[in-house]
Amino acid sequence: MDNKVSLLPVFNISRHRLQTDGKGVTTLVGAYGCPLRCRYCLNPHAWNPKTLEKCIMLTPEALYEKVKIDELYFLATKGGVTFGGGESLLHADFICQFRRVCGPDWTLTVETSLNVAEERFLKVLDSVNDFIVDIKDLEPAVYESYTGSPIDKAASNLKLLAENVSPEHVHIRVPKIPKYNSKKHVLASFEKLKSMGFQSIEIFPYIMRSP
């Protein structure tokens with residue numbers, strides 16, 4: 001058990017989200033930090049140093065005090081707290097500590113690219129209920145061209161996810177990325193994910209943002 005209390009750099013807390021960031025009614029907690037630099041990033045503030053200056057640094061207990069107001073909604077709908085970003089699994093220690101504070105009844109969900117060190121992913125397995133994975137594309141050249149990072153960590157953690165988490169607790173998003181992946185790439189990613197045992201796979205057109 002971690003003895004050192006973790007602090008979460010929070011730039012946004014969004015309440016009463018329904019079926020958009022996990023099961024039931026959820027509160028989305030946006031935390032600073034991301035290892036990727038995706039060309040059309042929807043949340044560039046999540047890794048902009050200026051954002052960090054404005055973040056609220058919260059302990060697990062402090063976050064619980066802010067979100068527990070919606071506990072009745074969470075329990076009634078099997079919802080809870082979704083950790084987003086940025087990359088939520090950069091804050092694996094915090095998520096584990098938060099689970100001990102909030103107890104076992106809330107659904108905890110992480111939105112992740114899985115591009116983190118293996119130990120961060122493995123650490124949350126006993127604390128997180130559901131995973132929403134933005135896998136980008138499974139073709140290594142496309143992935144690195146778009147994200148600026150190699151696919152190795154994400155691919156390795158995706159395999160571990162398939163081996164350790166039941167398919168009903170995983171939702172994977174595969175975007176059609178203009179100028180980066182083709183229909184052929186998207187279909188290849190889809191087929192590979194299916195072959196790994198994943199069942200909930202969403203293909204969607206990516207919203208253009210300037211690089």
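In the block above lies the structure referred to throughout.
First, a word on scope: everything that follows refers to the structure included in this document. Throughout this document, residue positions are counted from 1 along each chain, in the order its sequence is written. Thresholds applied to this predicted model are a pLDDT of at least 70 for local features of residues and 80 or more for the giving and counting of side-chain atom pairs; totals over whole chains, interfaces and linings are not thresholded and use all residues. In computing side-chain properties, one takes all heavy atoms of the structure into account and sets aside hydrogens as well as water.

Looking now at the nonpolar core. Here, nonpolar core means buried Ala, Val, Leu, Ile, Met, Phe, Trp, Tyr and Cys residues that are tied together by side-chain atoms lying within 4.5 Å of each other. Relative accessibility decides the category of a residue: with a 1.4 Å probe and only protein chains considered, values under 20% of the type maximum give buried, values over 50% give exposed, and everything between is partly exposed. Ranked by size, the top nonpolar core spans 52 residues in total, and within it Phe83, Phe98 and Leu161 carry the most contacts. Of all the elements, helix α4 (residues 92–102) adds the most residues to this core, at 6 residues. The criterion used for residue contact is that any of the two residues' heavy atoms lie within 4.5 Å. For Phe83, the residues in contact, after removing those within four places along its chain, are Leu8, Val29, Leu63, Ser88, Phe94, Ile95, Phe98, Leu108, Thr109, Val110 and Glu111. Working definition: helices are DSSP H or I runs of at least four residues, strands are E runs of at least two. Numbering for both runs from the N terminus.

With that settled, consider the packing of aromatic side chains. Aromatic contacts are taken between Phe, Tyr and Trp rings whose centres are within 6.5 Å, Trp giving its six-membered ring; a plane angle under 30 degrees counts as stacked, one over 60 as edge-to-face, and the others as tilted. Tallying each qualifying case throughout the model produces 10 aromatic pairs. With 6.1 Å between their ring centres and 55 degrees between their planes, Tyr40 and Tyr146 make a pair best called tilted. Taken together, the residues Tyr40 in the loop between β2 (25–31) and α1 (49–54) and Tyr146 in helix α6 (residues 140–147) connect sequence positions 106 residues apart. Tyr146 gets classed as buried once you look at its relative accessible area, which sits at 1%. With centroids separated by 5.8 Å and ring planes inclined at 55 degrees, the aromatic side chains of Phe121 and Phe131 adopt a geometry described as tilted. Here Phe131 lies in strand β6 (residues 130–134) and Phe121 lies in helix α5 (residues 118–123), a separation of 10 residues in the sequence.

Interpretation in functional terms is not warranted from these geometric data alone.
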